[in-house]
Amino acid sequence: MSGFTIHDLVGIIDARAASSGEVSYTRKLLDKGPEHCAKKLGEEAIEVVIAAVESDGAREHVIAESADLIFHLLVLLKSRGVALSEVEAELARRTQMSGLEEKASRKAE
């Protein structure tokens, strides 16, 4: 295990968001707005699905595409001003009950 965390990635995204679009892919994504960031996230999600169902099932491909997906999710959150801690809080709230109970409670809202 590398010791690198998703919080480390958030810090890198924050730092790169403060730099120029000429040197930062992250800044370029953010400059194009949340809609573009959302589109990129969707593309990456599809690539994860494809990698997961490919007949050769190359683990490395699933890992690489998953890393892309997580990166683009964090960029989308940044574009919308949503902190990772807010998502973590929601996950913590949801895990206070079973997954089936939690899903049923969302239908009641």
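Residues numbered from 1 in each chain as written. Predicted model: local features only at pLDDT ≥ 70, side-chain atom pairs only at ≥ 80, totals over all residues. Heavy atoms only, no water.

Caption draft 1: The overall build of the protein, seen in detail. Scanning the protein from N- to C-terminus turns up 6 helices and 0 strands. The secondary structure elements of the protein, listed N-terminal to C-terminal, are α-α-α-α-α-α. Taken over the C-alpha atoms alone, the protein extends approximately 50 × 40 × 30 Å along its principal axes. A total of 109 residues make up the protein; the buried ones form 24% of that total. For the protein, the exposed surface amounts to about 7,500 Å²; the carbon and sulfur share of it is 59%. One way to put it: in the protein the 14 positive side-chain charges average out to a point 4 Å from where the 19 negative ones average out. (Helix = DSSP H or I, 4+ residues; strand = E, 2+ residues; numbered from the N terminus. Buried < 20%, exposed > 50% of the residue type's maximum accessible area, 1.4 Å probe, protein only. Areas by Shrake-Rupley, 256 points an atom, 1.4 Å probe, with all protein chains shown as cover. Lys, Arg positive; Asp, Glu negative; His and termini not counted. Charge placed at Lys NZ, Arg CZ, Asp CG, Glu CD.)

Caption draft 2: Spatial organisation of the layout of surface pockets. Empty space within the largest pocket amounts to approximately 230 Å³. Considering the residues around the largest pocket, the lining is formed by Phe4, Thr5, Ile6, Leu9, Ile63, Ser66, Ala67 and Ile70. Of all elements in the fold, only α1 (6–17) and α4 (59–79) reach the threshold of two or more residues within the lining of the largest pocket. Sorting elements by how many residues they give to the lining of the largest pocket places α4 first, with 4 residues. Split by residue class, the lining of the largest pocket holds 6 nonpolar, 2 polar and no charged. (1 Å grid on protein atoms, 1.4 Å probe; cavity = no way out; pocket = protein on both sides within 12 Å on 5 of 7 lines; lining within 4 Å. Points joined across faces, edges and corners; volume = space filled by probe spheres on them. Nonpolar A, V, L, I, M, F, W, Y, C, P; charged D, E, K, R; others polar.)

Caption draft 3: Fine view of the packing of aromatic side chains. In the structure shown here, the tally under the stated rule is 1 aromatic pair. Ring centres of Tyr25 and Phe71 lie 6.3 Å apart, and the angle between their planes is 20 degrees; on these two criteria the pair is classed as stacked. Of this pair, Tyr25 sits in helix α2 (residues 25–31) while Phe71 sits in helix α4, and the two are 46 residues apart along the sequence. (Phe/Tyr/Trp six-rings, centres within 6.5 Å; stacked < 30°, edge-to-face > 60°.)

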